[in-house]
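A look at the structure
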Amino acid sequence: MHTAAGVEACLPIRSDMDLVWVRQHVRQAAAQLGFGLVDQTKLVTAASELARNTLVHGGGGQMEATHLSSGGAQGLRLAFTDEGPGIADLDQALSDGYTSGDGLGMGLSGARRLVHDFEIDSTPGDGTTVRVTCWAARPPRPREEA
Amino acid sequence: MSDAYSRPVPGHVPVLRLGDVLLVTLQGDLHDSTAQQLQQDLAETISRTGVRGVLIDISGVEIVDSFLGRVLAEIAAQAKLLAARTVVAGMRPAVAITLAELGLTLPGLSTALSTEAGMELLTQQTPAYRPGGPRQESP
């Protein structure tokens, strides 16, 4: 029986110390939900990339972790929110090698490859929210629609 | 299980000298500032001691993201400019899988499976192996 305790949390992202807490929380939550070692590593790495974006480009913000359950499968959704300048050109920001800072330009596009589901909302001047979801085993089948 | 959090401690990573090689062991979760401090310390120590090799053991590192990957690549690049070779040893398989998927293959970085193998690579008398790229072989 999986419970939400120890999985659901809202963590501030204000310093590189907070990045460490975010990684530790995500690792612990993923382990608790039964993620394998490789999936844990991928999700923690994605979280680290996204949390650093929130800190460096968004000027700080928060991560909210939510426990998902669907047909017996356990999932973890992480939402990274900032109220920074936003991203003017999402397609460009999501392309490999694009960098606005001093990184390798793998942050957003790389994080997207490490998770099962990736959503980004950004309004210039208003901030950015990135939501990623991973499932412990295989992602559950999508709902059948007519 | 919340007490399983190990308290991250910012600060210095010790750099040990073993003959002609500097040995660095990274462990657990590194602060960005700690990694950057290490990068600076290594450049200064190589320049001061004139060692020919740097061995970085990352077997205790659970994740390498693009930030730490960049720091490792820059350490290797700056060491090369200071006439020293760098080997990163002991990467966990899950970390390698993740880095490849992230698109961060760090082509300039030399690796070894263990500290011992890395040390062997660095202490060979004639460097048969060049981190800078393939050697030109005459036909």
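These notes cover the structure that comes with them. Starting from 1, residues in each chain are numbered consecutively following that chain's sequence as written. In the order they appear in the text, chains get letters beginning with A and ligands get numbers beginning with 1. Confidence filtering applies because this is a predicted model: local features only for residues at pLDDT of at least 70, side-chain atom pairs given and counted only at 80 or more, and all residues used for totals across whole chains, interfaces and linings.

1. Observations regarding the sheet that holds strand β5 (residues 110-112) of chain B
Residue and element names in this part refer to chain B. Quick reminder of the rule: Think of it this way: DSSP has to see at least two bridges between two strands before they count as a pair. Only runs of H or I of at least four residues qualify as helices and only runs of E of at least two qualify as strands under DSSP, and these elements are numbered from the N terminus. The axes used here are C-alpha line fits, helices contributing only the stretch in contact, and every angle between their N-to-C directions lies in the interval 0 to 180 degrees.
Read across the sheet, five strands follow the order β1-β2-β3-β4-β5 without closing on themselves; strand pairing throughout is mixed. Two strands lie at the open edges of the sheet, namely β1 (15-18) and β5, each paired on one side alone. Between one strand axis and the next, the sheet turns by 25° as a mean value, whatever way the strands run. When β1 meets strand β2 (residues 21-27), the two strands line up antiparallel, connected through four bridges.

2. As for the nonpolar core
Worth spelling out the cut-off: Think of a nonpolar core as buried Ala, Val, Leu, Ile, Met, Phe, Trp, Tyr and Cys residues chained together by C-beta atoms that fall within 7 Å. Whether a residue is buried, exposed or partly exposed follows from its count of other C-beta atoms within 10 Å of its own C-beta, namely 20 or more, 12 or fewer, or something in between, respectively; the C-beta atoms are built from the backbone.
Grouped together as the largest cluster of nonpolar side chains are 66 residues, with contacts concentrated most on V26, L43, A47, A51 and L76 of chain A together with V54 and I56 of chain B. Of all the elements, helix α2 (residues 37-56) of chain A adds the most residues to this core, at seven residues.

3. Regarding the interface of chain A and chain B
Under the convention used in this document: The contact criterion used is a C-beta to C-beta distance within 7 Å, with each C-beta placed from the backbone. Amino acids are sorted into nonpolar (Ala, Val, Leu, Ile, Met, Phe, Trp, Tyr, Cys and Pro), charged (Asp, Glu, Lys and Arg) and polar (every other residue, Gly among them).
On the side of chain B, 24 residues touch chain A, which itself brings 26 residues to the contact. In terms of residue count, α2 of chain A provides more of the side of chain A that touches chain B than any other element does, nine residues in total. The residue inventory of the side of chain A that touches chain B, partitioned by class, reads nine nonpolar, ten polar and seven charged.

4. Overview of unusual backbone geometry
Residue and element names in this part refer to chain B. For A83, which is not glycine, the phi dihedral falls at a positive 65°. Within the element layout of this structure, A83 appears in the loop between α2 (66-81) and β4 (85-89). Positive phi is not limited to glycine here, since L106 has a value of about 45°. Among the structural elements, L106 can be located in the loop between α3 (93-102) and β5.

5. Some details on the sheet that holds strand β5 (residues 127-135) of chain A
Residue and element names in this part refer to chain A. With respect to topology, five strands assemble into an open sheet ordered β1-β2-β3-β5-β4, the strand pairing being antiparallel. Taken across any chain shown, the strands that pair with only one partner, and hence form the sheet edges, are β1 (9-13) and β4 (117-123). Ignoring which end each strand starts from, the neighbouring axes of this sheet average 15° apart. In terms of strand pairing, β4 meets β5 through seven bridges, oriented antiparallel. Bridge pairing links T123 to G127 in β5.

6. Details of α2 of chain B
Convention followed: One less than the number of residues in a helix, times 1.5 Å, gives the span that helix is expected to have.
Counted at 1.5 Å a residue, the expected span for α2 of chain B with its 16 residues is 22 Å, and the 22 Å between its end C-alpha atoms agrees. Every buried residue of α2 of chain B is accounted for by S66, F67, L68, G69, L72, I75, A76 and A79 of chain B. Buried residues along α2 of chain B sit against α2 and α4 (107-114) of chain A together with α1 (32-49), β3 (53-60), β4 and α3 of chain B.

7. Topic: the packing of α2 of chain A against α3 of chain B
Rules: What sets the label is the angle itself: under 35 degrees gives roughly parallel, over 145 gives roughly antiparallel, 65 to 115 gives roughly perpendicular, and the rest give oblique. Should the near helix be turned anticlockwise from the far one by less than a right angle, the crossing is termed left-handed; should it be turned clockwise, right-handed.
The contact between α2 of chain A and α3 of chain B brings their axes to 9 Å, and the two run at 50°. As summarised for this structure, α2 of chain A and α3 of chain B are arranged oblique, according to the angle between their axes. By crossing handedness, the relation of α2 of chain A to α3 of chain B is classed as right-handed. Contacts from L37, V38, T41, K42 and T45 of chain A in α2 of chain A reach A94, V95, I97, T98, E101 and L102 of chain B in α3 of chain B. Its residues assigned to classes, the contact of α2 of chain A with α3 of chain B shows six nonpolar, three polar and two charged.

8. Here we look at helix α1 (residues 16-32) of chain A
Relative to the 24 Å expected for 17 residues at 1.5 Å per residue, α1 of chain A spans 25 Å between its end C-alpha atoms, a close match to the ideal helical length. Contact partners of the buried residues in α1 of chain A: β1, α2, β2 (61-70) and β3 (73-82) of chain A together with α1 of chain B. At the C-terminal side of α1 of chain A, G34 of chain A shows a positive phi close to 90°.

9. Here's the deal with the packing of α2 of chain A against α4 of chain A
Residues and elements named next belong to chain A. Viewed as axis vectors pointing N to C, α2 and α4 meet at an angle of 150°, and their least axial separation amounts to 9 Å. Judged by the inter-axis angle, α2 sits roughly antiparallel to α4. Both α2 and α4 take part in a crossing whose hand is left-handed. Between α2 and α4, the residues in contact are K42, L43, T45, A46, E49, L50, R52 and N53 and G107, L108, G110, A111 and L114, respectively. When its residues are assigned to classes, the contact of α2 with α4 shows six nonpolar, four polar and three charged.

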